[in-house]
Amino acid sequence: MATRSMMRLHRLYYVLALFNVVTIAGSVYLGHQMIVDRPEHEADDRRRSELVIGLAVLMMVTAAGVYGRQLTIHLRRNERERSDHLQALEAAQTALREQAGELERRVERRTAELASANRRLEQFRGYVENTSEWVWALDPRGHLTYSNRAVFDILGYEPEELLGKDVRPLVEPAAREATERLLPEVIAGRQRWNGIVRRFLHKNGEWRYLESSGMPLFGDDGRFIGFRGAERDITRRKRAEEALRRSEERFQLAARATNDVLWDLDLATGAIWRNDGMRSLFGHTEGVPQVETWEALVHPDEREAVRARLQNFLESERETWTDEYRFRRGDGTYAWVLDRGIAVRVNGKAVRMIGSMIDITERKEAERMKSDFVSFVSHQLRTPIAGMNWMLELAAEAEHLPAQARDYIAAARESAARLSTLVNDLLDVGRLESGRTTMARAAVRLDELTRSVLREMQTVIDEKRHALTFEIAGAAPALGDEQMLRQVIANLLSNAVKYTPDGGHIAVRLTARKDLVEWSVTDDGMGVPRAAQARLFEKFYRADNAISKEAEGTGLGLHLVRLVVEQAGGQIWCDSEEGQGATFTFTLPMAQQAGVEA
Amino acid sequence: MSATARVLLVEDDKFLRRACAASLRQRGFEVTTASDGEEALRLARSPPYADIILLDLLMPKLPGIEVLKALKSQPDTSRIPVLILSNSSRDDDRRQALQLGAAGYYVKANLSLRELGVQVNQLVQRDDAN
């Protein structure tokens, strides 16, 4: 505003000044002409002319003075205005600079953004190029216009081999037709697709399962211009699913085919999955879906014990659980079952159990019959054995017997005694195996027991001229059944005496360690072949070298020994080299001193 | 032994009966025999009373355990020591017999006549001492 009025003022002064100059110049010219035109004129003319010039000069000077003053005023004002103007200008400049700085910063920011976008684009491109999915684009005819390198890993082709070509023949025919049918709808509806699984033929002829996702593409004018999408190779997953399905099918078939009850117990909820066995084997039409329903079907006499043993197993670190119990059928009768399972443990805590239950009623019945039979026969055998023993004893005491007859009678008595032992062993083994006998658990002094047995055997030991030592390193009482342990010690000692050549060395040792009592007998006899050691404690097993030495063993002695020791909670084993003697060792739990009569 | 001790031997097997009786007689006992449970009770209850009774368990007519119960339930016979001579080595049988008051329990096939003689002698002498 100020600037514009100032410019108007300038123009005004300029016009005024110009007018003055013209006027003055005119006056001066007029005066001069008067002087020049009339040189001959009189002096007053000349004076007149000189007056005019003088006036003109005066006017000129006056005009100049006025103008100069005006100019000065104007310049002064101008000066002021210019200073205002300058200030405004500076402000404007500052504003401009600030604006420029802001602009610069914006440009920088934008540039950075662009660079970052570029980087992202690069990264994205890198991702697309390097992802394990096959990323592709097709033109409307189905010809490949873009492919990343993943296609090589998935289908065995380099992208260059396929670019520009129709890739649809790689899809298995049935899936291809299904896809073709869907396409018009996809294009018309501008739909994306996802999770469509099709098989593609790999270059090497194998089928690969690819999971497809993609979308149709449209130009700015809305025209359909092709497809873009990606294929994920899920062959491995598919194969695993297939294998799982087959395995599941196999399991289902086996579960149906078996005569056992298969079960799967979730220990957190108590829920049990079972196959059909509960119905087909035991007639439970309702099934037995909970661990409580199962427990309720266990025979009342055994329920607590079965539950306690299962609980005990779950709290242990053992892998397998086995139990035998009576189980109520749908009709109220009881079946004997053998139930076995394994526990699945997470951080040591059992969370699941899987197992099978089989009906062993018939086996139990057969066992009982066998055991009854053995018991019956054995008892019946005892009468004639006692008759033989006693008659031969009487015969041996008869006077005036010929030496030869005495000899025969002695041999007959020995045979009868062996028969007696055999029957005793058979009965003991049968009893221990059936579990019908509950062995006593009392404190037993093994040192006294050993001495007592050795006294009984002294005659035989002397006859074979064995040197026998008994070393007691600790005589804490063991926990067991005295009668049965006497038999254990007798069997082990008589083996040592029997299988050691005359004049051998036999060392018996008794040691107490922590909570165990350890008893062992070492001989320097024929030893036990390595192969036989593992089977030594089996029923009716006899090592080859034992048979060749003496044909009369029953193969029951060591089996009986093991049954007794194990039922008492101990262990038995044999250390030996063939021909270099043997050591038989057993351990028993130590009887607690307090409250137990030693 | 003040007088000859009387033994009542109850055994259904004739060979055992014969051998056992012969052995005991050789050792100076007076032996009466019975071959079933009823006969055993009849003989046991009629005087002169035996000083000791050797009793089989598995017998015709009346099982040995019932004979033992009957003997122990009568004042006349309850004080006579009874040795069980059985074929059974089952703990249950042994325990039951001892609980009913038998003085001892032996498995015949594992017992020699010599040992039997010793046992009988001891029981009779102890009985005498009372």
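Cut-offs and rules
Residues numbered from 1 in each chain as written. Chains lettered and ligands numbered in written order. Predicted model: local features only at pLDDT ≥ 70, side-chain atom pairs only at ≥ 80, totals over all residues. Heavy atoms only, no water. Core = buried A, V, L, I, M, F, W, Y, C linked by side-chain atoms within 4.5 Å. Buried < 20%, exposed > 50% of the residue type's maximum accessible area, 1.4 Å probe, protein only. Contact = heavy atoms within 4.5 Å. pLDDT = per-residue confidence, 0-100. Pairing = 2+ DSSP bridges. Helix = DSSP H or I, 4+ residues; strand = E, 2+ residues; numbered from the N terminus. Axes fitted to C-alpha atoms, helices over the stretch in contact; angles between N-to-C directions. Buried area = accessible area lost by both parts, 1.4 Å probe. Salt bridge = Lys/Arg side-chain N within 4 Å of Asp/Glu carboxyl O. Polar contact = N/O pair within 3.5 Å; in protein donor to acceptor, adjacent residues only side chain to side chain. Nonpolar A, V, L, I, M, F, W, Y, C, P; charged D, E, K, R; others polar. Left-handed = near helix turned anticlockwise from the far one by under 90°. Phe/Tyr/Trp six-rings, centres within 6.5 Å; stacked < 30°, edge-to-face > 60°. Patch = residues over 30% accessible without salt bridge, like charges linked within 9 Å, V, L, I, M, F, W, Y side chains within 5 Å. Areas by Shrake-Rupley, 256 points an atom, 1.4 Å probe, with all protein chains shown as cover.

**Quick notes on the nonpolar core**
Point 1. Formed by 46 residues in total, the largest nonpolar core has its most connected members in Leu 446, Leu 492, Leu 493, Trp 519, Val 521, Phe 584 and Phe 586 of chain A.
Point 2. For Phe 586 of chain A, the residues in contact, after removing those within four places along its chain, are Leu 446, Val 488, Ile 489, Leu 492, Val 517, Glu 518, Trp 519, Val 565, Gln 571 and Ile 572 of chain A.
Point 3. Of all hydrophobic cores here, the second largest spans 27 residues; its members include Ile 385 and Leu 427 of chain A together with Val 31 and Leu 54 of chain B.

**Observations concerning the confidence of the model for chain B**
Point 1. On average, residues of chain B score 88 in pLDDT, and 94% of them are at 70 or above.
Point 2. Interface scoring of the predicted complex returns ipTM 0.92; its pTM is 0.49.

**A closer look at the sheet that holds strand 17 (residues 582-589) of chain A**
Hydrogen bonding along the main chain pairs the strands of a sheet, whether they run parallel or antiparallel.
Residue and element names in this part refer to chain A.
Point 1. One open sheet accounts for five strands, arranged 12-14-15-17-16; its pairing is mixed. The strands lining the two open edges of the sheet, one partner per strand, are strand 12 (467-472) and strand 16 (571-576). Neighbour-to-neighbour, the strand axes of the sheet open up by a mean angle of 15°, direction not taken into account.
Point 2. Across the sheet, helix 13 (residues 482-498) touches strand 14 (505-513), strand 15 (516-523), strand 16 and strand 17, and the angle it forms with strand 15 is around 25°.

**So, the environment of Thr 361 of chain A**
All names here are of chain A.
Point 1. With respect to the helices and strands, Thr 361 occurs in helix 10 (residues 361-397).
Point 2. Residues Thr 361 and Val 337 lie 24 residues apart in sequence; the distance between their C-alpha atoms is 6.7 Å.
Point 3. Leave out the neighbours within four places in its chain, and Thr 361 touches Arg 329, Ala 335 and Trp 336.

**A word on the interface of chain B and chain A**
Point 1. Facing 24 residues of chain B, the contacting portion of chain A comprises 19 residues.
Point 2. When chain B packs against chain A, the two sides together hide about 1800 Å² of surface, and 56% of this comes from carbon and sulfur.
Point 3. On the chain B side of the contact with chain A, Leu 16, Asn 87 and Ala 109 of chain B bury the most area, a combined 29% of that side's loss.
Point 4. Applying the counting rule to chain B against chain A returns zero salt bridges.
Point 5. Connecting chain B to chain A are 10 residue pairs in polar contact (both at pLDDT 80 or more).
Point 6. Contributions of two or more residues to the side of chain B that touches chain A are made by helix 1 (14-26) and helix 6 (113-129) of chain B.
Point 7. By residue number, the principal contributor to the side of chain B that touches chain A is helix 1 of chain B, which donates eight residues.
Point 8. The class makeup of the residues in the side of chain B that touches chain A is 10 nonpolar, seven polar and seven charged.

**Brief notes about the side chain of Glu 295 of chain A**
Residues and elements named next belong to chain A.
Point 1. Within the secondary structure, Glu 295 sits in helix 8 (residues 291-297).
Point 2. Engagement of the side chain of Glu 295 in a polar contact is seen with the side chain of Arg 307, the distance being 3.1 Å.
Point 3. In contact with Glu 295, not counting residues within four places along its chain, are Arg 303 and Arg 307.

**Some details on the packing of helix 13 of chain A against helix 16 (residues 557-567) of chain A**
All names here are of chain A.
Point 1. With their axes 9 Å apart at the nearest point, helix 13 and helix 16 run at an angle of 145° to one another. The two elements helix 13 and helix 16 meet at a crossing, and its hand is left-handed. Between helix 13, through Met 484, Leu 485, Gln 487, Val 488, Asn 491, Leu 492 and Asn 495, and helix 16, the contact on the second element is made entirely by Gly 557, Leu 558, Leu 560, Val 561, Val 564 and Val 565.
Point 2. Here the residues of the contact of helix 13 with helix 16 sort into nine nonpolar, four polar and no charged.

**Quick notes on the packing of aromatic side chains**
To describe a pair of aromatic rings, you give the distance between the ring centres and the angle between the ring planes.
All names here are of chain A.
Point 1. Here the structure, examined in full by the defined rule, presents 13 aromatic pairs over all chains.
Point 2. Note on Trp 263 and Trp 321: the rings are 6.3 Å apart at their centroids and 75° apart in plane angle, and the pair reads as edge-to-face. Taken as a pair, Trp 263 in strand 6 (residues 261-266) and Trp 321 in strand 8 (residues 320-328) lie far apart in primary sequence, 58 residues in all. For the pair Trp 263 and Trp 321, one class covers both residues: buried.
Point 3. Through a chain of ring-to-ring contacts, three or more aromatic side chains come together here, namely Trp 136, Trp 193, Phe 218, Phe 224 and Phe 227.

**Points about a nonpolar patch on the surface**
Residue and element names in this part refer to chain A.
Point 1. Residues Ile 342, Val 344, Val 346, Val 351 and Ile 354 make up a contiguous nonpolar surface patch of roughly 320 Å² in combined accessible area.
Point 2. At the level of elements, strand 9 (334-346) and strand 10 (349-359) are the ones that each hand at least two residues to the nonpolar patch.
Point 3. Residue contributions to the nonpolar patch peak at three residues, all from strand 9.
Point 4. Position of Ile 354 among the secondary structure elements: in strand 10.
Point 5. What makes Ile 354 partly exposed here is its relative accessible area of 31%.

**What to know about the side chain of Asp 323 of chain A**
All names here are of chain A.
Point 1. Counting through the fold element by element, Asp 323 comes out in strand 8.
Point 2. By relative accessible area, which is 6% here, Asp 323 ends up buried.
Point 3. In terms of polar contacts, Asp 323 uses its side chain to reach the side chain of Arg 309, at 3.0 Å.
Point 4. With near-sequence residues (within four places) excluded, Asp 323 lies in contact with Val 306, Arg 309, Val 337, Leu 338 and Asp 339.

**Digging into the pattern of salt bridges**
Opposite charge on two side chains lets them pair, provided their charged atoms get close.
Point 1. Applying the stated criterion across every chain, the model contains 42 salt bridges over all chains.
Point 2. Between Arg 232 of chain A and Glu 211 of chain A there is a salt bridge, with the nearest N and O atoms lying 2.7 Å from each other. One end of the pair, Arg 232 of chain A, is in strand 5 (residues 224-233); the other, Glu 211 of chain A, is in strand 4 (residues 207-218), and 21 residues separate them in sequence.
Point 3. Accessibility expressed as a relative area gives 37% for Arg 232 of chain A, which makes it partly exposed.
Point 4. By relative accessible area, which is 18% here, Glu 211 of chain A ends up buried.
Point 5. With its nearest N and O atoms 3.4 Å apart, the salt bridge here joins Lys 69 of chain B to Glu 66 of chain B. Placement of the pair is Lys 69 of chain B and Glu 66 of chain B together in helix 3 (residues 64-73), with a separation of three residues, close to one helical turn.
Point 6. Judged by its relative accessible area of 33%, Glu 66 of chain B falls in the partly exposed class.
Point 7. Bridged by salt links that share partners, the residues Glu 242, Arg 245, Arg 246 and Glu 249 of chain A form one connected network.

**Some details on unusual backbone geometry**
Point 1. Here Pro 47 of chain B and Pro 48 of chain B are connected by a cis peptide whose omega angle stands at 0°.
Point 2. One non-glycine residue with positive phi stands out, namely Asn 347 of chain A, at about 50°.
Point 3. Judged by its relative accessible area of 82%, Asn 347 of chain A falls in the exposed class.
Point 4. Its identity as a non-glycine residue notwithstanding, Lys 514 of chain A has a phi of 45°, on the positive side.
Point 5. Tracing the sequence through the fold places Lys 514 of chain A in the loop between strand 14 and strand 15.
Point 6. Look at Lys 514 of chain A and you get exposed, because its relative accessible area is 81%.

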